Amino acid sequence: MLKSESDAHDTPPAVAATCSPYEGAPYYDVEFQGGFTDSFNDQTIYPDRHIYIPGFERVQVWCNISGHSMEPRIGHQDIIGLRQCLVQDIQFGKIYAVVLKTKRTVKIIRKSNDPQMLRYVPINDKEFDEQEFPITDIINIFEVLGGVAKFF
């Protein structure tokens, strides 16, 4: 049905579909190593999907973890929620996901005796040793805010 110009002004505007104001943080299908294995430093640009979990609004990005060095706290193939920070923001004794020149790893970060280094400490210290890497090798660092366990 055609309307005249005068009828068009009487029509209420269309109601926009409502959606959640928070679509969630992007999930990238890349892995941080629980161990110290060298890896190709894939910097995936596009997220696979977005994840929203109430209580995790501070998470900026979700990704996978592989390996057993952070068990039992973080398990192999869990999804971890990360928030980017600076080296100056590190609180020693907390868990961080760190992108180094040749690896991506998740460890407890502790102060080294050498001020140019950081200690990377696994939780599973029966099977894995701690290591030290130069602070200058850090490309990016993220605080690990939490995780979601996978059972498959």
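In this report, we go over the structure that sits alongside the text. Since the model is a prediction, treat every value here as computed from it, not as a measurement.

Conventions we followed
Residues numbered from 1 in each chain as written. Predicted model: local features only at pLDDT ≥ 70, side-chain atom pairs only at ≥ 80, totals over all residues. Heavy atoms only, no water. Helix = DSSP H or I, 4+ residues; strand = E, 2+ residues; numbered from the N terminus. Buried < 20%, exposed > 50% of the residue type's maximum accessible area, 1.4 Å probe, protein only. Contact = heavy atoms within 4.5 Å. Areas by Shrake-Rupley, 256 points an atom, 1.4 Å probe, with all protein chains shown as cover. Salt bridge = Lys/Arg side-chain N within 4 Å of Asp/Glu carboxyl O. Pairing = 2+ DSSP bridges. Phe/Tyr/Trp six-rings, centres within 6.5 Å; stacked < 30°, edge-to-face > 60°.

Thoughts on the overall build of the protein chain
And then number 1: Counting secondary structure elements, the protein chain contains one helix and nine strands.
And then number 2: Counting from the amino terminus, helix and strand elements in the protein chain follow one another as α-β-β-β-β-β-β-β-β-β.
And then number 3: Across the 152 residues that make up the protein chain, the buried fraction comes to 39%.
And then number 4: In the protein chain, the share of contacts with a sequence separation of at least 24, taken over all contacts with a separation of at least 6, comes to 61%.
And then number 5: Accessible surface, the protein chain: about 9900 Å² in total, of which carbon and sulfur atoms supply 53%.

Regarding the pattern of salt bridges
And then number 1: Across all of its chains, the model carries four salt bridges by this definition.
And then number 2: Among the salt bridges present, the one from glutamate 143 reaches arginine 58, with a minimum N-O distance of 3.9 Å. With glutamate 143 in strand β9 (residues 138-148) and arginine 58 in the loop between β2 (49-51) and β3 (61-66), this pair connects stretches of sequence that are 85 residues apart.
And then number 3: Assessed through its relative accessible area of 22%, glutamate 143 is described here as partly exposed.
And then number 4: A salt bridge links aspartate 137 to lysine 101; the shortest N-O distance between them is 3.6 Å. Here aspartate 137 is found in the loop between β8 (131-134) and β9, whereas its partner lysine 101 is found in the loop between β5 (95-100) and β6 (104-111), with 36 residues between them in sequence.
And then number 5: Judged by its relative accessible area of 53%, lysine 101 falls in the exposed class.

Considering the pairing of β6
And then number 1: Across the eight residues that make up β6, a large majority, six, are buried.
And then number 2: Bridging between β5 and β6 involves five bridges; their strand directions are antiparallel. Note on β6: the bridge partner recorded for valine 99 is arginine 104.
And then number 3: What sits between β5 and β6 in their antiparallel hairpin is a turn of three residues.
And then number 4: Taken together, the four bridges between β6 and strand β7 (residues 117-121) define a ladder with antiparallel strand orientation. Among the inter-strand pairings, arginine 110 is bridged to a residue of β7, identified as arginine 119.
And then number 5: Hairpin remark: β6 followed by β7, antiparallel, with five residues in the connecting loop.

Remarks on unusual backbone geometry
Working note: non-glycine residues mostly have negative phi, and peptide bonds are mostly trans.
And then number 1: In this structure, proline 72 follows glutamate 71 across a cis peptide bond, with omega equal to 10°.
And then number 2: Structurally, proline 72 is set in the loop between β3 and β4 (79-85).

Topic: the packing of aromatic side chains
And then number 1: In total, this model carries two aromatic pairs according to the counting rule given.
And then number 2: Note on tyrosine 120 and phenylalanine 133: the rings are 5.2 Å apart at their centroids and 75° apart in plane angle, and the pair reads as edge-to-face. Residue tyrosine 120 is located in strand β7, and its partner phenylalanine 133 is located in strand β8; the two are separated by 13 residues in the primary sequence. We note that tyrosine 120, like phenylalanine 133, is buried.

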